[in-house]
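Take a look at the letters that make up each chain.
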Protein chains: 2
Amino acid sequence: MLARDLAVSRNTVEAAFAQLVDEGFVERRVGAGTVVVESLGDAAPFARPKSSQGPRATAAIARTAPQPLRLGERGRAMAELGQAEIDSDTGTGTWATNAPEFPWRDWNRLQSRQARRSGSELLAAFPQAGLTELRSQIAKYASLARGVRCEAGQVLVVNSTQQAIDLAARLLLDPRQPALIENPCYPSAYAALIAAGADVRGIPVDDEGAVVEALPEKSEAGLFYVTPSHQFPLGMTMSLPRRLALLHWAERTGTWILEDDYDSEFRHDGRPIAALQALDRADRVIYVGTFNKVLFPGLRLAYLIVPENLVDAFAAARRIVDGYTAPLAQVVLAEFMASGQFARYLRQAKRHFADCRNAVVESIAETWGDAVRLGPSSTGLHIVAHLPGRTDDRALAAKVHGTPSVAPLSRYYLGREKKKGLMIHYGTAGPEEIRAAIRRLRPPF
Amino acid sequence: MLARDLAVSRNTVEAAFAQLVDEGFVERRVGAGTVVVESLGDAAPFARPKSSQGPRATAAIARTAPQPLRLGERGRAMAELGQAEIDSDTGTGTWATNAPEFPWRDWNRLQSRQARRSGSELLAAFPQAGLTELRSQIAKYASLARGVRCEAGQVLVVNSTQQAIDLAARLLLDPRQPALIENPCYPSAYAALIAAGADVRGIPVDDEGAVVEALPEKSEAGLFYVTPSHQFPLGMTMSLPRRLALLHWAERTGTWILEDDYDSEFRHDGRPIAALQALDRADRVIYVGTFNKVLFPGLRLAYLIVPENLVDAFAAARRIVDGYTAPLAQVVLAEFMASGQFARYLRQAKRHFADCRNAVVESIAETWGDAVRLGPSSTGLHIVAHLPGRTDDRALAAKVHGTPSVAPLSRYYLGREKKKGLMIHYGTAGPEEIRAAIRRLRPPF
């Protein structure tokens, strides 16, 4: 009857009934035909939408007014801090670098070859700590380029610096335990420490980097997040006496040092300064490096180099957090490094970014003159132009669109006392673009 | 003099001294030459190794005995639970599927084309919630294949089911807040809840799935993690009355339901049952799906479908946790879906895995006979063979090597009462391999 009424085949109706039986809406009773399952009562699920004016016999689970958002306290903090970071990414493109020389063609060729070669075997791998070939290449590179002292077995491949910090914070800190961070600081690292439930405290910074004398002698802190090669955001390099004092303090107090070495590959004046980890003899330093800046952010490859007795704990935590990093990108990068293409590209990129640095420094000196004081610029992909304390640097930064991207220095300070300035990311533009942009933005701005 | 003594060029010595100056070890004083920086004192960093018998003037930071491992309480739990999961992966290859028909050639061709086309622009993208094209494809697929009711804007691309659960737990739960999970359960989900600091409580399961009547009427629980389409590990589908009762309970108590729909694409008998999310009218269900099982684990692509008012919070939390998922895999998958290749592959894979299921069920019936009782097998990629309560299923599972991979059922129970059996993952082997393996393992085993 139904088939006739609907002008469909009998099979179609049979299939529909079979599905209703499968899903538990109706049941077939011998001699009684097919009937709605009794236990459903009025609770049939597909209620009419609210706008319907018809009877609402099936409204038991009708769509109700939106519930108030029920997040945990940690959840609210994560949502709030993460949103601030997203807004800032959108506004400034902070982390996008743009080295025109990147050999996309070579990279893609490697990728195609590896994808063909590897097939299901590679792509079904479970390398929590990363693929062996890449871990070896990273150990070699970090040791040559950054003086890091490690075996390949101490390297853990992760998706990003952010994941490295988040993992370390969750693994090493207890909720409500103090954690230390430089002030001013990298806000995403601050957010990760907060997300781990830490009681985050700022440590002041001067021309030699974090003021080690300001560290508490009896410390309950679980870790101290530092950027010794290139303080974020101010740009200075931590002095050797400070480094040694910091390591002594870490050893005395048993505090972990989380060293974020995010862009010191780009050392424009003189030779690179070795990583803090290179001086550590007490296994207190956890080193974080990334390819998302040296190569490109969409690569999603960074690494941790941890003391031997932490390797298993980090790999195990990684299993719970998201599993492991996509193997294909790992083999491609391993080959890119082993073949010498990485080193070659890095040399070109260094020259390019040094030109960008020079363009910023020169054009600021020419155009802005005494209106600003420039911070250190020997390393990395950004520079701070300090402004008088009364300046509204947020309003000023908001006026700048396009490249180079600009962020207000005050954004990076914890607490009430905030210095004013513009943090200029010159990794996102070529030298000529930079000069033009600086010229457009004349003091008093 | 040094150049002569060492038989190197004067430039080499100059460069070495310049580096020592840069690194802060020595300083140049007008009229006095180059001297070791005074403030270093005895704290020179490159101490001799301990084995050296010479004088130890530079031993201030000499390598000391390994410190006891200082992890937080959460860190210890993460390390322990994660390690158990890794050990279990290694032993059983739980999550590796092996559908011989996967069109690697087509996939790689798409990937090469996208990699060429996209270049730096795509790879510098910041899509916390995922690339728009892929979110649209997922919304369409989840709605057609699983009855999920959503807009593309509610889809968040993540790396894995594990990351989805971890994100939800951290975002929605407060430390020490109760969280509910089926008992027996998926141990990696349990681990993620523990890692979020939750007070995890098991809810019993019977033939109709989670026993909703056992849920506390006054619940403080933040969320309930369920596997309604294919209970993990027992394999039953949650009945419709239970689904409705669960949704009513969630609405009354304001508890989030975290629905893990990990492998119900593979419905071997009858048509797929719609997801629990399809019945939710109160926006309480957070749905998790994954391509790491349907396609291949190394892809590292899964997704969350969340109520609209949670989208921003999840995207923001993702920013703190690791940033975003690699864009290249996302565009490749979006095209693979849009072109119809995904649907085509899925049909082939379904046939393949149905053959595997039949091979397991038939050969167990033939070979093992009454020694075991088989659990439901209409869905997914595994089946449970129940054994008498006195059996040592761990010892038994440990005897099985190769494919199909086998895990002891008792491993998945919380608390002391554990049922015994073998959980057989037939996604890792072809039908003939399965028959041979079952035949080899004869009762009483």
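Calculation rules
Residues numbered from 1 in each chain as written. Chains lettered and ligands numbered in written order. Predicted model: local features only at pLDDT ≥ 70, side-chain atom pairs only at ≥ 80, totals over all residues. Heavy atoms only, no water. Helix = DSSP H or I, 4+ residues; strand = E, 2+ residues; numbered from the N terminus. Areas by Shrake-Rupley, 256 points an atom, 1.4 Å probe, with all protein chains shown as cover. 1 Å grid on protein atoms, 1.4 Å probe; cavity = no way out; pocket = protein on both sides within 12 Å on 5 of 7 lines; lining within 4 Å. Points joined across faces, edges and corners; volume = space filled by probe spheres on them. Nonpolar A, V, L, I, M, F, W, Y, C, P; charged D, E, K, R; others polar. Pairing = 2+ DSSP bridges. Phe/Tyr/Trp six-rings, centres within 6.5 Å; stacked < 30°, edge-to-face > 60°. Buried < 20%, exposed > 50% of the residue type's maximum accessible area, 1.4 Å probe, protein only. Axes fitted to C-alpha atoms, helices over the stretch in contact; angles between N-to-C directions. Parallel < 35°, antiparallel > 145°, perpendicular 65-115°, else oblique. Contact = heavy atoms within 4.5 Å. Buried area = accessible area lost by both parts, 1.4 Å probe. Salt bridge = Lys/Arg side-chain N within 4 Å of Asp/Glu carboxyl O. Polar contact = N/O pair within 3.5 Å; in protein donor to acceptor, adjacent residues only side chain to side chain. Right-handed = clockwise from strand over helix to strand, strands pointing away. Patch = residues over 30% accessible without salt bridge, like charges linked within 9 Å, V, L, I, M, F, W, Y side chains within 5 Å. Least-squares fit on C-alpha atoms with pLDDT ≥ 70 in both. Lys, Arg positive; Asp, Glu negative; His and termini not counted. Charge placed at Lys NZ, Arg CZ, Asp CG, Glu CD. Arc of directions from axis to C-beta.

**Describing the overall build of chain A**
Alright, step 1. From N to C terminus, chain A includes 14 helices and 14 strands.
Alright, step 2. Taken as a whole, chain A presents about 17,900 Å² of accessible surface, with 52% of it coming from carbon and sulfur.

**Regarding the layout of surface pockets**
Alright, step 1. There is about 640 Å³ of room inside the largest pocket.
Alright, step 2. In terms of lining, the largest pocket is formed by 28 residues, of which the most central are A:Tyr141, A:Leu144, A:Ala145, A:Leu346 and A:Lys350.
Alright, step 3. Of all elements in the fold, only helix H5 (132-146) and helix H12 (341-367) of chain A together with helix H2 (10-23) of chain B reach the threshold of two or more residues within the lining of the largest pocket.
Alright, step 4. Counting residues per element, the lining of the largest pocket draws most heavily on H5(A), at 7 residues.
Alright, step 5. Tallied by class, the residues present in the lining of the largest pocket amount to 12 nonpolar, 7 polar and 9 charged.

**Quick notes on the sheet that holds strand E12 (residues 382-386) of chain A**
What holds strands together in a sheet is hydrogen bonding between their backbones, with the strands either parallel or antiparallel.
Residue and element names in this part refer to chain A.
Alright, step 1. Strand order in the open sheet made by the 4 strands is E11-E12-E14-E13, with antiparallel pairing throughout. Lying at the two open borders of the sheet, with one neighbouring strand each, are strand E11 (373-374) and strand E13 (405-408).
Alright, step 2. Sheet topology note: the E12/strand E14 (residues 421-425) ladder contains 5 bridges and is antiparallel. Its bridge partner being in E14, His382 is matched across the sheet by His425.

**Concerning the packing of aromatic side chains**
Each pair of aromatic rings is reported with the distance of its centres and the angle of its planes.
Alright, step 1. If you walk through the whole model with that rule in mind, you get 25 aromatic pairs over all chains.
Alright, step 2. Each ring, one from A:Phe266 and one from A:Phe353, has its centre 4.9 Å from the other, and the planes form 70 degrees; the classification is edge-to-face. Taken together, the positions of A:Phe266 in the loop between strand E8 (256-260) and strand E9 (285-290) and A:Phe353 in helix H12 put the pair 87 residues apart, joining distant regions of the chain.
Alright, step 3. Taking relative accessible area as the criterion, A:Phe266 reaches 1% and is therefore assigned buried.
Alright, step 4. Between B:Tyr141 and B:Phe342, the aromatic rings sit 5.2 Å apart at their centres with planes inclined by 75 degrees, giving edge-to-face as the arrangement. Placement of the pair is B:Tyr141 in helix H5 (residues 132-146) and B:Phe342 in helix H12 (residues 341-367), with a sequence separation of 201 residues. As far as burial versus exposure is concerned, B:Tyr141 and B:Phe342 are alike and both buried.

**Thoughts on the packing of helix H6 (residues 161-172) of chain A against helix H10 (residues 311-321) of chain B**
Think of two packed helices as two axes; the pair is described by the angle between the axes and how far apart they sit.
Alright, step 1. Two elements in contact, H6(A) and H10(B), have axes whose closest approach is 7 Å; the angle formed by their N-to-C orientations is 85 degrees. Relative to H10(B), the element H6(A) is oriented roughly perpendicular. Contacts between H6(A) and H10(B) involve A:Gln162, A:Gln163 and A:Asp166 on the former and, on the latter, B:Arg319, B:Ile320 and B:Val321.
Alright, step 2. Here the contact of H6(A) with H10(B) is built from residues that sort into 2 nonpolar, 2 polar and 2 charged.

**What to know about the interface of chain A and chain B**
Alright, step 1. Counting residues at the interface gives 110 residues for chain A, matched by 111 residues for chain B.
Alright, step 2. Approximately 9,500 Å² of surface area, both sides summed, lies buried where chain A meets chain B, with 55% of it carried by carbon and sulfur atoms.
Alright, step 3. The interface formed by chain A and chain B includes 4 salt bridges.
Alright, step 4. Residue A:Arg319 pairs with B:Glu85 through a salt bridge whose shortest N-O separation is 3.6 Å.
Alright, step 5. Connecting chain A to chain B are 24 residue pairs in polar contact (both at pLDDT 80 or more).
Alright, step 6. Top contributing element to the side of chain A that touches chain B by residue count: helix H3 (residues 73-92) of chain A, with 11 residues.

**Digging into the pairing of strand E4 (residues 178-183) of chain B**
Residue and element names in this part refer to chain B.
Alright, step 1. Within E4, 6 of the 6 residues are buried, which leaves it mostly tucked inside the rest of the structure.
Alright, step 2. Pairing geometry for E4 and strand E5 (residues 199-206), over 6 bridges, is parallel. Bridge assignment links Leu180 to a residue of E5, and that residue is Arg201.
Alright, step 3. Note on the crossover from E4 through helix H7 (residues 187-195) to E5: the handedness is right-handed.
Alright, step 4. Where E4 lies against strand E7 (residues 223-226), 2 bridges are found, and the strand directions are parallel.

**Quick look at a nonpolar patch on the surface**
Alright, step 1. A surface patch of nonpolar side chains, amounting to about 250 Å² of accessible area, comprises A:Leu2, A:Leu6 and A:Val8.
Alright, step 2. Tracing the sequence through the fold places A:Val8 in the loop between helix H1 (2-6) and helix H2 (10-23).

**Quick look at empty space enclosed by the protein**
Alright, step 1. With the rule as written, the count across this model stands at 12 cavities of 30 Å³ or more.
Alright, step 2. Roughly 440 Å³ of volume is contained in the largest cavity.
Alright, step 3. As for the largest cavity, its lining consists of 33 residues, of which A:Ala326, A:Ala329, B:Ala326, B:Leu328 and B:Ala329 are closest to the centre.
Alright, step 4. Within the residue set of the lining of the largest cavity, elements represented by two or more residues are helix H4 (104-123) and helix H11 (327-338) of chain A together with helix H4 (104-123) and helix H11 (327-338) of chain B.
Alright, step 5. Sort the elements by how many residues they give to the lining of the largest cavity and H4(A) lands first, with 6 residues.
Alright, step 6. Across the lining of the largest cavity, the residue classes break down as 20 nonpolar, 10 polar and 3 charged.

**A closer look at the sheet that holds strand E4 (residues 178-183) of chain A**
Residue and element names in this part refer to chain A.
Alright, step 1. If you walk across this open sheet you meet the 8 strands as E3-E10-E9-E8-E7-E4-E5-E6, and the pairing is mixed. Here the strands that pair on one side only, and so sit at the sheet edges, are strand E3 (155-158) and strand E6 (209-210).
Alright, step 2. The sheet contact formed by E3 and strand E10 (residues 302-305) spans 4 bridges and is antiparallel. Counterpart to Val158 in the pairing with E10 is Ala302.

**So, the relation of the copies chain A and chain B**
Alright, step 1. Taken as rigid bodies, chain A and chain B are interconverted by a rotation of 180 degrees and an axial shift of 0.0 Å, the fit giving an RMSD of 0.1 Å. Taken together, the rotation and translation relating the two chain copies correspond to the operation of a two-fold axis. No C-alpha of chain A lies nearer the rotation axis than that of A:Ser112, which sits 2.8 Å from it.
Alright, step 2. The share of interface residues of chain A whose copies in chain B are also at the interface is 100%, consistent with both copies meeting through the same surface.

**Thoughts on unusual backbone geometry**
Alright, step 1. Omega for the bond connecting A:Asn183 with A:Pro184 falls within 30 degrees of zero, at 10 degrees, which places this linkage in the cis form.
Alright, step 2. For A:Pro184, the position within the fold is in the loop between E4 and helix H7 (187-195).
Alright, step 3. A cis amide bond links B:Phe232 to the next residue, B:Pro233, at an omega of 5 degrees.
Alright, step 4. Along the chain, B:Pro233 falls in the loop between E7 and helix H8 (240-253).
Alright, step 5. Unusually for a residue other than glycine, A:Asp283 sits at a positive phi of about 55 degrees.
Alright, step 6. Within the secondary structure, A:Asp283 sits in the loop between E8 and E9.
Alright, step 7. Its identity as a non-glycine residue notwithstanding, B:Ala7 has a phi of 55 degrees, on the positive side.
Alright, step 8. Here B:Ala7 is to be found in the loop between helix H1 (2-6) and H2.
Alright, step 9. On the accessibility criterion, B:Ala7 (69% relative accessible area) is exposed.

**Some details on a positive patch on the surface**
Alright, step 1. Together, A:Arg344, A:Arg347, A:Lys350 and A:Arg351 make up a positively charged patch on the protein surface.
Alright, step 2. Its location among the elements puts A:Lys350 in helix H12.

**What to know about helix H14 (residues 431-440) of chain A**
All names here are of chain A.
Alright, step 1. Taken together, the buried positions of H14 are occupied by Ile434, Arg435, Ala437 and Ile438. All buried residues of H14 lie within an arc of 165 degrees about the axis, which places them on one face of the element. Facing away from the buried side of H14 by over 90 degrees, the exposed positions are Glu432 and Arg440.
Alright, step 2. Residues of H14 that are buried make contact with H12.

The values are spatial; any link to function lies outside them.
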